Number of protein chains: 4
Amino acid sequence: MTVVTMKRSASIKDIGAVLRTVESLGFTPHVQHEDGATRIGLIGEGSPDQIRQLLSLPGVAGLEPVATPYKLGSRNFRKAGTEVYVGDIPFGGEEVVVIAGPCAVESREQMMITARAVAGSGGLILRGGAFKPRTSPYSFRGLGREGLEILAETRKETGCPVVTEVLTPADAELVAQYADMLQIGARNMQNYSLLEAVGRIRKPVLLKRGLMATIEEFLLAAEYILAAGNPNIILCERGVRGFEQYTRNALDIAAVPLLKKLSHLPVIVDPSHATGRRDLVIPVALAAVAAGADGLIVEVHHDPDHAMSDGAQSLNLEQFDDMMSRLIPLSKAVDRRIRPTSQQN
Amino acid sequence: MTVVTMKRSASIKDIGAVLRTVESLGFTPHVQHEDGATRIGLIGEGSPDQIRQLLSLPGVAGLEPVATPYKLGSRNFRKAGTEVYVGDIPFGGEEVVVIAGPCAVESREQMMITARAVAGSGGLILRGGAFKPRTSPYSFRGLGREGLEILAETRKETGCPVVTEVLTPADAELVAQYADMLQIGARNMQNYSLLEAVGRIRKPVLLKRGLMATIEEFLLAAEYILAAGNPNIILCERGVRGFEQYTRNALDIAAVPLLKKLSHLPVIVDPSHATGRRDLVIPVALAAVAAGADGLIVEVHHDPDHAMSDGAQSLNLEQFDDMMSRLIPLSKAVDRRIRPTSQQN
Amino acid sequence: MTVVTMKRSASIKDIGAVLRTVESLGFTPHVQHEDGATRIGLIGEGSPDQIRQLLSLPGVAGLEPVATPYKLGSRNFRKAGTEVYVGDIPFGGEEVVVIAGPCAVESREQMMITARAVAGSGGLILRGGAFKPRTSPYSFRGLGREGLEILAETRKETGCPVVTEVLTPADAELVAQYADMLQIGARNMQNYSLLEAVGRIRKPVLLKRGLMATIEEFLLAAEYILAAGNPNIILCERGVRGFEQYTRNALDIAAVPLLKKLSHLPVIVDPSHATGRRDLVIPVALAAVAAGADGLIVEVHHDPDHAMSDGAQSLNLEQFDDMMSRLIPLSKAVDRRIRPTSQQN
Amino acid sequence: MTVVTMKRSASIKDIGAVLRTVESLGFTPHVQHEDGATRIGLIGEGSPDQIRQLLSLPGVAGLEPVATPYKLGSRNFRKAGTEVYVGDIPFGGEEVVVIAGPCAVESREQMMITARAVAGSGGLILRGGAFKPRTSPYSFRGLGREGLEILAETRKETGCPVVTEVLTPADAELVAQYADMLQIGARNMQNYSLLEAVGRIRKPVLLKRGLMATIEEFLLAAEYILAAGNPNIILCERGVRGFEQYTRNALDIAAVPLLKKLSHLPVIVDPSHATGRRDLVIPVALAAVAAGADGLIVEVHHDPDHAMSDGAQSLNLEQFDDMMSRLIPLSKAVDRRIRPTSQQN
């Protein structure tokens, strides 16, 4: 990919002329404003030879190549971190944002109890699965549309935005009607038609790293969404498969600073799936924020022993509150902050 | 899952009565004929307590539990190996079946040259990707429908059935119109809506093991297809991700006898993706057959150095012919056989 | 293993009688004092049937089984955390202890420059390899005895204890003459004669987790040292081998709280080997302390670009000072502390 | 490493002059005779600049660099395969050599029963552990010297050479007094002082690949032995650690042809440790030979259910005989052969 960098003095007319030329050369332009100047990424099969003619257009400062395999997601395309808003909540800024809720939406009552407790302890966004990807076809696969409706009600009640998983392109529009952020699960990280479907929708996307994905493959999966036109992506490290049997997965903690360095996208961590064990969630959550994570997504259940899925790795409400209390000083120690709950204001 | 075993003397009427009762109890029956007797697997959320009443129905010999997480695919449900036919070519019998062709369909000419050579050397089925899953959105993604048409022409010309990959549920019907077998690639092994889509179509499915899937997860992916009603599945071991950098993946050779033991489904091996290196394909192919594989799927290109994808792991036509020659005595040494080419007849 | 728990009121004579009986039954007793009471672990091939007779001895409160495969290292044997002293520096207490220095001792001058800077920035213990395990027989393997002498001089000059690696049982005594703590490297985690050699010496041992060791195998390696009579072990998580190529190893951050839960031994982290990249060392070091690590071991070089080994992962002196500054508030946020440097006092 | 290639016409005097010059330049020469000509590998820290002067010596044909990290073990140093003799049994030639016996020497009787059966079925070399590396210090660690004596008696009785493991440099001489081949186990693949100890002894060494070793690390471990002066090395692929739980390890079948390509050393496979399951040993053994292995090492026990270690992966005597019968036609199919037993002659 080549980036056309515009002068700060470039007029809107100049930019428009560049965009038209770029398109006439067979490229799709991706426009980025940063630090008072415009940068235009050229994606597509246009002829590289003809790109140099852009240099003669008014307002063009220069051309920069982006040599990494991922282009629009690269720090070489955008130097500053991107802030992604879910409702009015920004990921990628000073705040450490905590998403919490049960693995699966099980009932209206369950969601309300959990949601109120999560919000009361400082969780800003609710999670809950309506469509559940399950290893076995015979396991509980979620309440589907009814689950989505419960999530919408819960949002109304608590004011918290909701995130939920979408499993297949055919459901993307439906899920987007209810959710504030669409989750792509680890199993679907390389489900390209699904990535393109959420790329076209432009709601924020929570993209989980695949169980076996390299950092480069992860950023290339994000690139599918970016290339389809959706810049609102939050990357989520959730553990990769390893050989250790005492934990469910192996959290790649170094991926947090590495992703922040290679990409401008926000990065959060899922300590629940990473460990699979309730007793390890809090220390791993603290570690994630210390390593520079922009947020966390944590499984919480009001009665984990009777959860329909993932009970072993769900915090109960008290443990979640404990985690939030500990995150406050920890975040401060790394120059970040947890938004105070209304009671604490 | 419980299996209702019928007596050999059971009449069609007896079997019909059992099926009706099973359905009235809330189960979907899956019927298997084996060794002169009928076995009915009960899938669904019916009450286990009521199953015992089936024992009093005429023709019922007994009830057997299947305790493994995979049910319809288990050797405990079906003791004999299943033979899956692609056209008139059986997988899972005495023959070792070789599928071969290029990674991607690139042009009519390329497919014809390769197809004739493959068929001439003893390959029975042609492969070629029309829809290609690519790690980067900017890589060549296949010719799409045009690729399917080229595959259909190639089949007409050579008489060989064709297998090609389907990437998303929306394309399943389209691909099924052209292909004799639908391939589910490694990245999509846990794309459940896709598994269910090919499960409803009932054409043979070539299911590749995910890069990071355990044997149990692999069999549970097959179970999605079986539970959707399609018993024609061929399992394909194609290497899992490891730490070695000299090879692309790590072929799990022990998976071949293990899958044959745990499941009644045919098992084939893809030595091309497993190694990623042309110079290792032949010894690994021989090893696969020695370990008990029912077949192979191998990438072949008439000009690998100019292939649009996977050239490094593609055999050229001469090497493919060499591989086939070596497979003949090897197969015989393990009491299997390679179908002779017409010239050899 | 069975643990004989003594009453708090048990006299020294009572304890002596139990020890004599235990030995007469064919066991080696391992004595632990905790919370005012004595606990005696019975290791050996004595007859389990005869253990019950100990219950009748004066002062014996009861018998407790330790069912984990690791015995003396288990939290079930010792409930409180063990503090291991290196010189007067305690691991496993409130303090977070930082060990730092170059990968290899290269010269007297190099060690002195680095050592003064490390001590000045708050590092408490010096590291430096005199005997280096190298993948290739043709790489620099350390200065050997001369390196040990330089380490001893450096200690004299700075007052900081030193830790260095021992590679083979034959060198254990020699290394112990110079070093305050003996390091067992990852490659030697299952070099059992070496483990037993350092077990007999009783100087503190820094035991690094093997590249491919499970948590259980790691604790069983420690058990070799414990069973040989040396209770002074510090466990070090330093990353395991994974599939990611952007980093050298994969730090198993969850291992920190997990080891602290399963064992009473102190746990530290090596962020240098875990990542292999200087730019990731600081965030990973912060994460380790947030997760509960009792300390860190970090590679520091005054001129990393010219280091004879591991330059790419060594912090320079300024970066080390930056890391120490950041560790102070981070440690405080998790109720730990970094010992102030003399200047800061 | 640079290789000095001598002309075929070079005299012994010419060669002697080159060797003296090489040593005077600070190199250790490693001499190889191949195809009628002499090749001299230069190992050491001599000045590369001075090497060119060798070109002017009589009989010198040229200089060749060996660019791989492993030098003496590389196919670039020696183009033809090396044959390593254990007693009069050659590894690396036309024959497929089977080593078999119990995991551990348990008693004289056990060894004799097993040894006679192994020899009767076509096994050429006996294995049996006298010093056993065990994950736990509390497991059975072998009979030690008594075990060595039993092995020697068994050899006397059956005429079969014996191989047994050496765990620590201090035992290398002792083990070498009894055994015909010294085994370095997977845990010790990077125990460099042990590698150098067996390198100095010059008895054949069976070097097992580490659980987590790359191919390059494996060849560099062999290089330690070669550089110490012992050219008699047999490489053994025995499975690496993976994520699959149904098998003990993951056999890297592609390593067989890869090692044969990169190195001139013989390569054998251990299907017992690779799978950990008796029911998978035979198909994996067949696969290994099909892939080009020069031999196998297989655990066999006359009563596996009562074996003191590794019973689950040991073949019983009948199964071993079955394996040998199947290896005969398989070996023939890949142009190798199994030596007929005396009865079969």
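Definitions and limits used
Residues numbered from 1 in each chain as written. Chains lettered and ligands numbered in written order. Predicted model: local features only at pLDDT ≥ 70, side-chain atom pairs only at ≥ 80, totals over all residues. Heavy atoms only, no water. Least-squares fit on C-alpha atoms with pLDDT ≥ 70 in both. Contact = heavy atoms within 4.5 Å. Salt bridge = Lys/Arg side-chain N within 4 Å of Asp/Glu carboxyl O. Helix = DSSP H or I, 4+ residues; strand = E, 2+ residues; numbered from the N terminus. Buried < 20%, exposed > 50% of the residue type's maximum accessible area, 1.4 Å probe, protein only. Disulfide = S-S within 2.5 Å. Domains from an automatic or database assignment. Pairing = 2+ DSSP bridges. Right-handed = clockwise from strand over helix to strand, strands pointing away. pLDDT = per-residue confidence, 0-100. Phe/Tyr/Trp six-rings, centres within 6.5 Å; stacked < 30°, edge-to-face > 60°. Buried area = accessible area lost by both parts, 1.4 Å probe. Polar contact = N/O pair within 3.5 Å; in protein donor to acceptor, adjacent residues only side chain to side chain. Nonpolar A, V, L, I, M, F, W, Y, C, P; charged D, E, K, R; others polar.

K.L.:
For the relation of the copies chain D and chain A, give the residues involved together with the corresponding values.
P.N.:
Related by rotation about an axis and a shift along that axis, the two copies of the chain form a pair. Turning chain D through 180° and shifting it by 0.1 Å along the axis lays it on chain A, with an RMSD of 0.0 Å. Such values leave the two copies arranged in the relation of a two-fold axis. Judged by C-alpha distance, F243 of chain D is the residue of chain D that lies nearest the rotation axis, at 2.4 Å. Here 100% of the contact residues of chain D are again contact residues in chain A; the copies associate through an equivalent surface.

K.L.:
Lay out the relation of the copies chain A and chain C with the relevant residues and their values.
P.N.:
Superposing chain A onto chain C requires a rotation of 180° together with a translation of 0.0 Å along the rotation axis, leaving an RMSD of 0.0 Å. Comparing interface residues between copies, 100% of those in chain A also sit at the interface in chain C, which points to an isologous, same-surface contact.

K.L.:
Help me get a handle on the pattern of salt bridges, residues and values and all.
P.N.:
One pass over the structure, following the stated rule, counts 88 salt bridges over all chains. Among the ionic pairs, R248 of chain A bridges to D310 of chain A, the shortest N-O distance being 3.1 Å. Residue R248 of chain A is located in the loop between β12 (233-237) and α8 (255-262), and its partner D310 of chain A is located in the loop between β14 (295-299) and α11 (317-333); the two are separated by 62 residues in the primary sequence. For R248 of chain A, a relative accessible area of 43% corresponds to the partly exposed category. We note a salt bridge from D279 of chain A to K261 of chain C, for which the minimum N-O separation is 2.3 Å.

K.L.:
Explain the state of the cysteines to me, and be specific about the residues and the numbers.
P.N.:
In a disulfide, the sulfur atoms of two cysteines are held together by a covalent bond. Residues and elements named next belong to chain C. Within the structure shown, the criterion is met by 0 disulfides over all chains. Its sulfur unpaired, C160 is 18 Å from the next cysteine sulfur, which belongs to C236. Looking at C236, it has no disulfide partner, and the nearest cysteine sulfur is the one in C103, 13 Å off. Taking relative accessible area as the criterion, C236 reaches 0% and is therefore assigned buried.

K.L.:
Give me the lowdown on the domain arrangement of chain A, citing residues and values where you can.
P.N.:
Taken domain by domain, chain A consists of domain 1 (2-65) and domain 2 (84-333). With centres defined by C-alpha atoms, the gap from domain 1 of chain A to domain 2 of chain A works out at 36 Å.

K.L.:
Quick one: what's the story with the pairing of strand β9 (residues 162-165) of chain A, residue by residue and with numbers?
P.N.:
All names here are of chain A. Neither face of β9 is open: one carries V162 and T164, the other V163 and E165, and all of them are buried. Note: strand β8 (residues 125-127) against β9, 2 bridges, orientation parallel. What sits directly across from R127, in β9, is V163. In this view, the connection linking β8 to its parallel neighbour β9 by way of helix α4 (residues 145-158) has right-handed handedness. Remark: the β9/helix α5 (residues 172-178)/strand β10 (residues 181-184) crossover connection has right-handed handedness.

K.L.:
How would you explain the confidence of the model for chain A if you had to name every residue and give the values?
P.N.:
Chain-level statistics for chain A give a pLDDT mean of 95 and a share of 99% at 70 or above. This prediction of the complex comes with two scores: 0.96 for pTM and 0.95 for ipTM.

K.L.:
Which residues make up the packing of aromatic side chains, and what are the values?
P.N.:
Residue and element names in this part refer to chain B. Tallied over the full model, the rule gives 4 aromatic pairs over all chains. Here the aromatic rings of Y192 and Y224 are separated by 4.2 Å at their centres, their planes lie at 15°, and the arrangement is stacked. Taken as a pair, Y192 in helix α5 (residues 192-201) and Y224 in helix α6 (residues 215-227) lie far apart in primary sequence, 32 residues in all.

K.L.:
Can you tell me about the interface of chain A and chain C, naming the residues and giving the values?
P.N.:
Taken together, the contacts link 35 residues of chain A with 35 residues of chain C. Regarding the contact of chain A and chain C, the summed buried area is about 2,800 Å², with carbon and sulfur atoms giving 73% of it. Our enumeration of links across chain A and chain C arrives at 4 salt bridges. Linking E244 of chain A and R209 of chain C is a salt bridge whose minimum nitrogen-to-oxygen distance equals 3.5 Å. For the interface between chain A and chain C, the tally reads 6 residue pairs in polar contact (both at pLDDT 80 or more). Listed by contribution, the elements that provide at least two residues to the side of chain A that touches chain C are α7 (215-227), α8, α10 (278-290) and α11 of chain A. Tallying contributions element by element places α10 of chain A first for the side of chain A that touches chain C, with 7 residues. Class assignment of the residues belonging to the side of chain A that touches chain C gives a composition of 25 nonpolar, 3 polar and 7 charged.

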